[in-house]
Amino acid sequence: MVAFAIFEGYVLLKFSSDRQKNSLLPPPIRSPPTDPSPFPAQAFSLCLHSPSPMLSTLFGTRPASDQEPPEPSGRQLSDGDLLDELLATVGSLRAFQEFRRSQRKESFNLLRWLQLVLPLIEELREAAPARPLTDNAYRRLALLGRAFQAARRLLRCCHDGSKIFLSLESEAVQGRFRAVYEKINLALEGMPYSEIGISDEVKEQVELINTQLKRSKKRADTQDMELAMDFMVVLQDKEDRSADRAILERLAKKLELQSLADLRAETMAIKKLINERNGQQAESTKQIIELLHKLKEVAGVDEKNILGEVSIPKYLEKCPSLMIPNDFLCPISLEIMTDPVIIASGRTYERRRIQKWLDAGQRTCPKTQQPLAHLSLAPNFALKNLILQWCEKNKVEMQNGEPSEEPVVEQEVSKEVLVPSLVKDLSSANLDVQRKAVKKIRTLSKESPENRALITESGGIAALVGLLQYPDKKIQDNTVTSLLNLSIDEANKVLIAKGRAIPLIIEVLKNGSVEGQENSAAALFSLSMVDENKVTIGALGGVPPLVKLLKEGTIRGKKDAATALFNLMLNHQNKFRAIETGIVPALLKILVDKKLNMVDEALSIFLLLGSHSACRSEIGSEGFVETLVQIIKEGTPKNKECALSVLLELGSNNNTLMVHALGFGLHEQLTEIAKSGTSRAQRKANSLIHLARKCQS
């Protein structure tokens, strides 16, 4: 099953690995997410160094708002003090050697521009007090000081703010950068160079910086598409779906939230954000907390109560934590160990905690991040005896320990023996043996990354590809679903394609059972995450049967087809293939069929088509615009976001369509959404209002 929606003007997708008809998946994790709040100005102040008293007096401490504050009047500082404070502010920024991944490029660009302004200030400082600043020059430098303060707040937040928060609100953060560029540009553009007597070389450099800043204000960087998609997956709530561990692992890697130290630092950053919000933006805060919990779970960390201190287990409530020897505590759970084991790095952990870490595919020591030479767990009997003695002496009641090491080792060994045997049975001459083997492979491939690695190492991909041609529908269903499960791991996406599975999966999509068609579509989506596979799937004829499934399939099949088609259509040639196969009429039909509840999916694909000039003419009709306006009036908040995005894309390239939309009462709806819509809908509505004014002028 797959699901997707527009996020920050881009489309996000989700797929579930194994979808047996009667399979039991974990219960919903959370209530359906609403739109995260706009990037709050308060979030910057929570991360800031306190400005000096002089700067607080002259420049203020509040983050820049959308409206430019009035120019400072009067001289609250001497010329020398003003210039010294400007130099000190820029100098303090040298402490920021690293920034969060999502804003790293933009932060370094801003830092570079601030450093390039230094020669101007240094020349003026050297000339003072012999050359007093004129009132106009003083006013411009005071404005520059305000811009520097806003830049410092922004860079500080991008340096040590919450990684989850900054990534979720990347579009709004980009808006904060543009606001800083505008402030610097405003101060420099009115600088009276003839009055301050700087050198021609410095003047040329400052004017060049100003030109670059103007371009930066207009630039709209695209966000990380895969990161945005992964956010949508883990924040979605479906009654019968759960975010796959592989997606969470990829998200943790991109956010650089894999180690215990990083997760602890993120926890503290989120605590500061929560305190600063003071109960505001509750839904956004809830999303951030729940995502942190999921990332901790993937890392094997069991800290849940991030709003307060880490909770203490009930059996230790009567024992002051400071009395517990640190060596008795598991570094992962921070609980007293009942079954301590030693791993390859020499560190000791609670067995079930470190086993969970290893089962998640981790191959490093959680505490030291040292690569593990092997995955064996050796009981630490000496430490266990010391813990038991200490607990008896201090009257601490221990919880029952987990099963001893022997069954765990037997289970691991049995799988290492079982998987190659199952792979061998896939080629058996006995049909019943093949059926049982592929069914078991399907189950194992769903359970864990370690199982998927064992299947791949045992030659399972090639054996499964061979079964795709079998006429037995049940074997086909289990085989294509096993390949879907294996494709969750990035390396397997390439191996499956190289094994010539794609044309056979397309054949199942055309002629397989209902379940086989649905899971074939999901498998093609998963494989198409690799750009080369997008081209291959399109060239081998994968688009037409997906469009057919979109038209004629079950609701689940339609959703799977829509998601696969969207991902394939990131390749321009596949856009044309989809149009030629009749995707536009199919999408228009979906828009008016309320039972399908697929308005967002259809609009997501329309947005993709509208972003390409050659495809825009296929959807840019007055009738379609009227449908968009109707959705903007009557749809859900998410429907409205999607429809606004599509209309903005079409109207920006065809003023006639925008004028036509205005004739159906669009302006009233835009005004209302700009005031009370979700944060993203407000941004789209404001852009459309601006566009409407241009069209009517």
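Residues numbered from 1 in each chain as written. Predicted model: local features only at pLDDT ≥ 70, side-chain atom pairs only at ≥ 80, totals over all residues. Heavy atoms only, no water.

A. Region of the structure containing the overall build of the protein. Secondary structure summary: the protein contains 35 helices and five strands in total. Counting over 697 residues, the protein shows a buried share of 54%. Pairs at least 24 residues apart make up 74% of the contacts formed inside the protein by residues separated by at least 6 positions. Here the protein has roughly 31000 Å² of accessible surface; of this, 51% comes from carbon and sulfur atoms. (Helix = DSSP H or I, 4+ residues; strand = E, 2+ residues; numbered from the N terminus. Buried < 20%, exposed > 50% of the residue type's maximum accessible area, 1.4 Å probe, protein only. Contact = heavy atoms within 4.5 Å. Areas by Shrake-Rupley, 256 points an atom, 1.4 Å probe, with all protein chains shown as cover.)

B. Summary view of the packing of helix 22 (residues 502-511) against helix 25 (residues 543-552). One can describe the packing of helix 22 onto helix 25 by two numbers: an axis separation of 9 Å at closest approach and a directional angle of 30 degrees. Comparing their axes, helix 25 and helix 22 come out roughly parallel. Viewed along their axes, helix 22 and helix 25 form a crossing whose handedness is left-handed. The residues of helix 25 that touch helix 22, namely those facing Ile506, Leu509 and Lys510, are Pro545, Leu546 and Leu549. Residue classes in the contact of helix 22 with helix 25 are distributed as five nonpolar, no polar and one charged. (Axes fitted to C-alpha atoms, helices over the stretch in contact; angles between N-to-C directions. Parallel < 35°, antiparallel > 145°, perpendicular 65-115°, else oblique. Left-handed = near helix turned anticlockwise from the far one by under 90°. Nonpolar A, V, L, I, M, F, W, Y, C, P; charged D, E, K, R; others polar.)

C. Region of interest: the environment of Thr554. Turning to its location among the elements, Thr554 is positioned in the loop between helix 25 and helix 26 (555-568). Taking relative accessible area as the criterion, Thr554 reaches 36% and is therefore assigned partly exposed. Considered as a pair, Thr554 and Val514 are 40 residues apart in the sequence and their alpha carbons are 8.0 Å apart. With sequence-adjacent residues up to four places away left out, Thr554 is seen in contact with Val514 and Glu518. A distance of 3.0 Å separates a polar side-chain atom of Thr554 from the backbone nitrogen of Gly557. (Polar contact = N/O pair within 3.5 Å; in protein donor to acceptor, adjacent residues only side chain to side chain.)

D. Representation of the nonpolar core. With 96 residues, the main nonpolar core has Leu546, Leu550, Ile583, Leu603, Phe606, Leu609 and Leu666 as its most contacted residues. Here this core takes eight residues from helix 29 (residues 599-610), the largest share from any one element. The residues touching Phe606, leaving out its near neighbours within four places in the chain, are Val584, Leu587, Leu588, Leu591, Ile619, Phe624 and Val646. In this structure, Leu155, Ile164, Val180 and Ile198 belong to the second largest nonpolar core, which totals 91 residues. (Core = buried A, V, L, I, M, F, W, Y, C linked by side-chain atoms within 4.5 Å.)

E. A look at the environment of Ile537. Structurally, Ile537 is set in helix 24 (residues 531-539). When the C-alpha atoms of Ile537 and Asn574 are compared, they prove to be 9.1 Å apart, with 37 residues separating the residues in sequence. Excluding its chain neighbours within four sequence positions, the residues that come into contact with Ile537 are Ile502, Ile506, Leu524, Leu527, Ser528, Gly542 and Leu568.

F. Up close: the pattern of salt bridges. According to the stated counting rule, one finds 14 salt bridges in the structure shown. Between Asp339 and Arg351 there is a salt bridge; the shortest N-O distance is 2.7 Å. Of this pair, Asp339 sits in the loop between helix 13 (282-299) and strand 3 (340-342) while Arg351 sits in helix 14 (residues 351-359), and the two are twelve residues apart along the sequence. Both residues of the pair, Asp339 and Arg351, count as buried. Its salt-bridge partner being Asp432, residue Arg435 comes within 3.5 Å of it at the nearest N-O pair. Of this pair, Arg435 and Asp432 are both found in helix 17 (residues 431-447), three residues apart, which corresponds to roughly one turn of the helix. A residue is classified by how much of its surface remains accessible, and Arg435, at 33% relative accessible area, is partly exposed. (Salt bridge = Lys/Arg side-chain N within 4 Å of Asp/Glu carboxyl O.)

G. Focus on the side chain of Ser528. On the secondary structure map, Ser528 appears in the loop between helix 23 (514-527) and helix 24. When neighbours within four sequence positions are excluded, Ser528 is seen to be in contact with Asn533, Lys534, Ile537, Asn567 and Leu568.

H. Quick look at the confidence of the model for the protein. The predicted model of the protein averages 77 in pLDDT, with 79% of residues at 70 or higher. Considering each helix and strand of the protein separately, the mean pLDDT is smallest for helix 1 (residues 42-45), with a value of 30, and largest for helix 25, with 95. Long-range and interchain partners of residues 1-70, a stretch whose pLDDT sits below 50, account for 234 contacts in this model, where long-range means more than four residues apart. (pLDDT = per-residue confidence, 0-100.)

I. Examining the sheet that holds strand 5 (residues 378-379) more closely. Overall, antiparallel pairing links the three strands, which are arranged 4-3-5 in an open sheet. Here the strands that pair on one side only, and so sit at the sheet edges, are strand 4 (348-350) and strand 5. When strand 3 meets strand 5, the two strands line up antiparallel, connected through two bridges. Paired with Ile342 across the two strands is Ala378, which belongs to strand 5. (Pairing = 2+ DSSP bridges.)

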